[in-house]
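Spelled out from the first residue to the last, the chains are:
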Amino acid sequence: MKSADASGSALGAFADNLRAAPRRIREGAFRGGAPHTDRTRSTFVFGNVFLHLHSVRVHRWSLRWWTTAGLGIASVAAFLITLVTGVLLMFYYKPYPDVAYASIKDIHFVVPTGRFMRNIHRWATNVMVVTVILHMARVFYTAAYRSPREFNWLIGLALLVTTLGLSFTGYLLPWDQLAYWAITIGANIAQSPREVTDALGVTDMFDPGGLQRLLLLGSDTVGPEALIRFYLLHVMILPLGLTMLLAVHFWRVRKDGGLARPSDADERLGPPAQTYPVFTEAPAKTYSLAAVVRGRTEAVNRGPENTLPSMPHLFYAELAVTMLTVAVCLALALVSDAPLREVANPLVPENPAKAPWYFLGLQELVSFSAFMGGIGIPAIVILGLALIPYLDREEVQTGDWWGGPGGWPLVRRSIAVGLGSVLALEAFAIRFGWLREWFPAIPQLVVTFVNPATILTLAYGAYSVWLVRRHASARAGALGLFTCFLCGFLVLTVIGTHFRGPNWVFYWSPADWPRH
């Protein structure tokens, strides 16, 4: 009897445990319970692997739509969409020249929903590039790069470069005419230092351009080595690097005290509709391992007044931006197919052969000087962007749009200067040509360093220096310079996209292109 009773009790306990298993799994996954109070909301953020990079509470200023326009989250959402659709495409894609194009055609015409997935992948990539650029502009125009956020600005700059690299490496994978010749242009830009070394006669001893081309393609030509190299970069190395940079970027946002906001943000917002408990009026100490000391972290002198729990307020805002990004990518995928030309043919060049749209501004400059347009000017721009937080040490109007001496009127004038300068130079060069057309025997070094790209850069730099002297402010000079370069990038991209035809000749419309 005892044995039977024990057996029955064991079976009963087993049945009870089985019935309780779903509840225990749920409790194990969400140990803090439903987030109904401040304490459980805090536990929810702390205990979630995806949310723990967030601070437990977020300032009301950061939740305002116009503070960030959701651009950072939109960039991450576009990356996740690209990642998911890219993994689905990998099931059918074959990274070998003999079959790469055929596999893309199968995805496009045979695989169920394959064309739709490829369209989403393509548009999510473009959305990501646009939102990353706009996000960097937002950070700059609100002076959110200032101390203690200088390093995170550098991380953001690395994210921009990695994003462009991720999109560029995926451009070759279809192995069609468009992809093949666009990458050929990129390889020629990488080789452009030879323009200088050939003019100096030192290429045989020092050839950085040839080394860059070899590292990019793995060969002298765009072939199997380049395809497998681009595929590896696109599906493994760059996504891993981007993921790590994103993790550090989000973590530093939290450790640097959250998003930048004006010093008088609390007064502008007014009292909250609902009062949340606070710890002290003005905390004066932080704790270190050894002793209670006066701290230097961003938490000092910043209590939780005017803050809300990240869960659900910030979490719901991020979900809303993510859903909007998904909707935009889906809508674009429905109305526009990813391009697919004829199979790549090294013997039949595309004319005009154009790089991806975000490099067409550089290609326009490259048409005047390969080295300065493709290497020199971009290096100057990246170095200048990296130095901005360390040159602008001011504190006035941090967190305000167009904050700094001059404000929006200065930015408005800079837009006029930026657009006027680039349009005037482009119009002159298109109408009258440049040094090589005027003086065929002119030394190449003169053409390299005296061209519309360098003159435009010097004009923007001179305008920036004038603003620094006029306003006695590095921030004023940075505002003018950044705005001018942004306008120049926009105009050059539009010209390269819509007004350049065969042999890179200017045409008002593709209808004016010569017919063969």
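In the block above lies the structure referred to throughout.
Our subject in this report is the structure included herewith.

Reading the values: rules and limits
Residues numbered from 1 in each chain as written. Predicted model: local features only at pLDDT ≥ 70, side-chain atom pairs only at ≥ 80, totals over all residues. Heavy atoms only, no water. Salt bridge = Lys/Arg side-chain N within 4 Å of Asp/Glu carboxyl O. Helix = DSSP H or I, 4+ residues; strand = E, 2+ residues; numbered from the N terminus. Buried < 20%, exposed > 50% of the residue type's maximum accessible area, 1.4 Å probe, protein only. Contact = heavy atoms within 4.5 Å. Phe/Tyr/Trp six-rings, centres within 6.5 Å; stacked < 30°, edge-to-face > 60°. Lys NZ or Arg CZ within 6 Å of the ring centre and 35° of its normal. Core = buried A, V, L, I, M, F, W, Y, C linked by side-chain atoms within 4.5 Å. Domains from an automatic or database assignment. Axes fitted to C-alpha atoms, helices over the stretch in contact; angles between N-to-C directions. Parallel < 35°, antiparallel > 145°, perpendicular 65-115°, else oblique. Left-handed = near helix turned anticlockwise from the far one by under 90°. Expected span 1.5 Å × (residues − 1).

So, the pattern of salt bridges
Side chains bearing opposite charge may pair, as long as their charged atoms lie close to each other. Per the stated rule, a full pass over the model turns up 10 salt bridges. With its nearest N and O atoms 2.9 Å apart, the salt bridge here joins Glu 150 to Arg 393. Of this pair, Glu 150 sits in helix H8 (residues 150-171) while Arg 393 sits in the loop between helix H16 (370-391) and helix H17 (407-432), and the two are 243 residues apart along the sequence. Residue class for Glu 150 comes out buried when judged on its relative accessible area of 11%. Via salt bridges that share partners, Asp 264, Arg 268 and Asp 400 belong to a single interconnected network.

Brief notes about the side chain of Thr 325
Of note, Thr 325 is situated in helix H14 (residues 310-335). Discounting residues that sit within four places of it in the chain, Thr 325 has contacts with Ala 74, Ala 77, Ala 78, Ile 81 and Val 127.

Digging into the packing of aromatic side chains
For the structure on display, the rule yields 27 aromatic pairs. Relative to Tyr 180, the ring of Trp 175 lies with its centre 5.7 Å away and its plane at 90°, an arrangement referred to as edge-to-face. Each member of the pair, Trp 175 as well as Tyr 180, is classed as buried. Ring centres of Tyr 180 and Trp 181 lie 5.2 Å apart, and the angle between their planes is 75°; this geometry places the pair in the edge-to-face category. The same class applies to Tyr 180 as to Trp 181, namely buried. An aromatic cluster is built from Trp 66, Phe 140, Tyr 141, Tyr 145, Trp 153, Trp 401, Trp 402, Trp 408 and Phe 482, whose rings are joined through pairwise contacts. The ring of Phe 432 carries the charged tip of Arg 431 above its face, separated from the ring centre by 5.2 Å.

As for unusual backbone geometry
Of all residues except glycine, most have a negative phi; of all peptide bonds, most are trans. The omega angle of the peptide bond from Ser 147 to Pro 148 is 10°, so this bond is cis rather than trans. Relative to the assigned elements, Pro 148 resides in the loop between helix H7 (114-141) and H8. The omega angle of the peptide bond from Met 311 to Pro 312 is 15°, so this bond is cis rather than trans. The topology assignment puts Pro 312 in helix H14. If you check the backbone angles, Trp 402 has positive phi at about 60° while not being a glycine. For Trp 402, the location among the structural elements is in the loop between H16 and H17. In this structure Trp 402 comes out as partly exposed when scored by relative accessible area, which is 24%. One non-glycine residue, Ala 472, adopts positive backbone phi at about 50°. The topology assignment puts Ala 472 in the loop between helix H20 (452-471) and helix H21 (474-498).

Notes on the nonpolar core
Most often, soluble globular proteins have nonpolar side chains that are buried together. Formed by 80 residues in total, the largest nonpolar core has its most connected members in Tyr 93, Phe 140, Leu 172, Trp 175 and Val 222. When residues in this core are grouped by element, the largest group, 12 residues, is from H7. Shared between two domains, this core takes at least three residues from each, and those domains are domain 1 (65-262 + 311-346) and domain 2 (351-516). If we ignore the near neighbours within four places in the chain, the residues touching Phe 140 are Tyr 145, Trp 153, Ile 388, Arg 475, Ala 478, Leu 479 and Phe 482. Formed by six residues, the second largest nonpolar core is a distinct cluster that contains Phe 368, Ala 429, Leu 435 and Ile 442.

Quick word on the packing of H20 against H21
Working note: a packed helix pair is described by the angle between its axes plus the distance between those axes. One can describe the packing of H20 onto H21 by two numbers: an axis separation of 7 Å at closest approach and a directional angle of 155°. Overall, the two elements H20 and H21 adopt an arrangement that is roughly antiparallel. Here the hand of the crossing between H20 and H21 comes out right-handed. Taken together, the residues of H21 that come into contact with H20 (itself represented by Thr 457, Tyr 460, Gly 461, Tyr 463, Ser 464, Leu 467, Val 468 and His 471) are Ala 474, Ala 476, Gly 477, Ala 478, Gly 480, Leu 481, Cys 484, Phe 485 and Gly 488.

Here's the deal with H17
Over its 26 residues, H17 runs 38 Å from end to end, which matches the ideal 38 Å to within 8%, given 1.5 Å per residue. Taken together, the buried positions of H17 are Gly 407, Leu 410, Val 411, Ser 414, Gly 418, Val 422, Leu 425, Glu 426 and Ala 429. Lining the buried residues of H17 we find H7, helix H15 (360-366), H20 and H21. Positive backbone phi, approximately 80°, marks Gly 433, located one or two places after H17.

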